[in-house]
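# Structure assessment
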Amino acid sequence: MPVDAPRTIALEIPSRLDCIELIGETLRALCPLADLSEAESYRIELGIVEALNNVVEHAYGFQPESTIRFELTFHPGRLQMVIRDWGRPRPGNLSHTLTFEQDIVQSWPEGGMGLFIMHEVMDEIAYERLEDENCLTLIKYIP
């Protein structure tokens, strides 16, 4: 699908882990429109699911009555994904430094892999707090 002007789809889900699947399924269905392979679509889905899991757990503390907004915009040459929530602000920076051996499962950390995965599958990641809103922007360039 050639993109001359940005095209956006937005979804809102309750902050429940079982609702994250809806966004994953949507991504898997829409990524091929950007001529992304099945493998690349899966990698993008993985990064977004990790980000959404973090919102449910850390921003909202598993409170299911809250809302998460996901926006997917097709731009010429890139996909832009924005996750918005109104939970607790993200502490610290978006550092993704971890020390473990990829081939040795026993060295993998119990948690904290979300940012590492996001950095591995996305080309750009940015976070900002706007008044009471958390805004995480993830960009994937389309070859």
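One can find the structure itself at the top, above this paragraph.
Report follows, based on the coordinates. Please read these numbers as outputs of a predicted model, since none were measured by experiment.

This part takes up unusual backbone geometry. Phi is mostly negative for residues that are not glycine, and the peptide bonds are mostly trans. Of note, the phi angle at phenylalanine 62 is positive, near 65°, even though the residue is not glycine. Phenylalanine 62 sits in the partly exposed class, given a relative accessible area of 47%. One non-glycine residue, glutamate 131, lies in the positive phi region at around 55°. Assignment of secondary structure puts glutamate 131 in the loop between strand E4 (124-130) and strand E5 (133-141). Take glutamate 131: its relative accessible area is 79%, and that puts it in the exposed class.

Let us now look at the side chain of serine 66. Along the polypeptide, serine 66 turns up in the loop between helix H2 (38-59) and strand E2 (67-75). Not counting the four nearest positions on each side in its chain, serine 66 is found in contact with Ile13, Pro14, Ser15 and Tyr60.

Checked against the element boundaries, valine 82 lands in strand E3 (residues 78-85). For the pair valine 82 and alanine 10, spaced 72 residues apart in the sequence, the C-alpha separation amounts to 9.2 Å. If we skip the residues at most four places from it in the chain, valine 82 touches Arg69, Phe70, Glu71, Cys135, Leu136 and Thr137.

Rules behind the numbers
Residues numbered from 1 in each chain as written. Predicted model: local features only at pLDDT ≥ 70, side-chain atom pairs only at ≥ 80, totals over all residues. Heavy atoms only, no water. Buried < 20%, exposed > 50% of the residue type's maximum accessible area, 1.4 Å probe, protein only. Helix = DSSP H or I, 4+ residues; strand = E, 2+ residues; numbered from the N terminus. Contact = heavy atoms within 4.5 Å.

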